[in-house]
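Topology and contacts: notes
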Amino acid sequence: MSKKSDILKAAALLFAQYSLKKVTMDEIAKKASVSKATIYKYFESKEEVFDQVVKAESTQLWVAVSKAVDAAPSVVEKLRAYLLTKITNFHDLVNYYRVTRETFIEYYPYVESARAEFIAHEKEFIKEILEEGNRTGELKVEQVELTAHTIVISLKSMEFSWAIETCGIPFKEYVDFLIILIMNGIGREKINEK
């Protein structure tokens, strides 16, 4: 393992345990068994270390989601795999999802770029699933780009545990209902576009 990886691994553990504000560069150096000067060879600040930790967690989530979706046999199962994998992996991504109601202002600036990148990946990912559904006849989506954007942005609230926990429904049941809602809509008839 490289020194940079050791630093990021140590920092991830410390940030998860104590939070960004409480962890010092000295503590990261001690945990990684390197000097503080070594950390500054790779990173300009503690915030940059945190940003890199968050990006690594984001990549970890993306790999898990991609594998699950690739293994799913149908478009509906791909959507279900996407949602379930995302939700069930939240607990592993302590720093990426560290934002809570109380710490939103403290953490958001450091996770914003990783989240923006991930959202862009998600939109493209969902767009590809929708296009596949159109090709196979499982779906009939006229505005693929807008639909992908709407699904991804609508589901962002699921990233925050406090948003999901308030409904009192188990994750799998929540995801299954969401899939039904996405696939069937809630109206009996189409609404004319304005």
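The structure contained in this document is the topic of the report that follows. (Residues numbered from 1 in each chain as written. Predicted model: local features only at pLDDT ≥ 70, side-chain atom pairs only at ≥ 80, totals over all residues. Heavy atoms only, no water.)

Remarks on helix H1 (residues 3–18)
With 16 residues, H1 ought to run about 22 Å at 1.5 Å a step, and its terminal C-alpha atoms sit 22 Å apart, in line with that. Among all positions of H1, only Ile7, Leu8, Ala10, Ala11, Leu14 and Phe15 are buried. For H1, the elements touching its buried residues are helix H2 (25–32), helix H3 (36–42) and helix H4 (46–71). (Helix = DSSP H or I, 4+ residues; strand = E, 2+ residues; numbered from the N terminus. Expected span 1.5 Å × (residues − 1). Buried < 20%, exposed > 50% of the residue type's maximum accessible area, 1.4 Å probe, protein only. Contact = heavy atoms within 4.5 Å.)

Let's talk about the environment of Ala64
Looking at the secondary structure, you find Ala64 in helix H4. We classify Ala64 as partly exposed; its relative accessible area is 22%. Taking the C-alpha atoms as reference points, Ala64 and Lys86, separated by 22 residues in sequence, lie 8.1 Å from one another. When neighbours within four sequence positions are excluded, Ala64 is seen to be in contact with Thr85 and Asn89.

A short note on the packing of H1 against H4
Taken N-terminus to C-terminus, the directions of H1 and H4 make an angle of 95 degrees; their axes are 9 Å apart at the nearest point. On the basis of the axis angle, H1 is roughly perpendicular to H4. On H4, the residues that touch Leu8, Ala11, Ala12 and Phe15 of H1 are Lys46, Val49, Phe50, Gln52 and Val53. (Axes fitted to C-alpha atoms, helices over the stretch in contact; angles between N-to-C directions. Parallel < 35°, antiparallel > 145°, perpendicular 65-115°, else oblique.)

Thoughts on helix H5 (residues 75–88)
Taking 1.5 Å of rise per residue, the 14 residues of H5 would be expected to cover 20 Å, and the 20 Å separating its terminal C-alpha atoms lies within 8% of that figure. Among the 14 residues in H5, 10 count as buried, and that is most of the element.

As for the packing of aromatic side chains
A complete count under the given rule lists 3 aromatic pairs for this structure. For the ring pair Phe15 and Phe50, a centre distance of 5.1 Å and an interplane angle of 85 degrees mean the geometry is edge-to-face. Within this pair, whereas Phe15 is found in helix H1, its partner Phe50 is found in helix H4, the two being separated by 35 residues in sequence. By the burial criterion, Phe15 is buried, and Phe50 matches it. With 6.4 Å between their ring centres and 50 degrees between their planes, Tyr42 and Phe43 make a pair best called tilted. On the basis of relative accessible area, Phe43 is assigned to the buried category, the value being 1%. (Phe/Tyr/Trp six-rings, centres within 6.5 Å; stacked < 30°, edge-to-face > 60°.)

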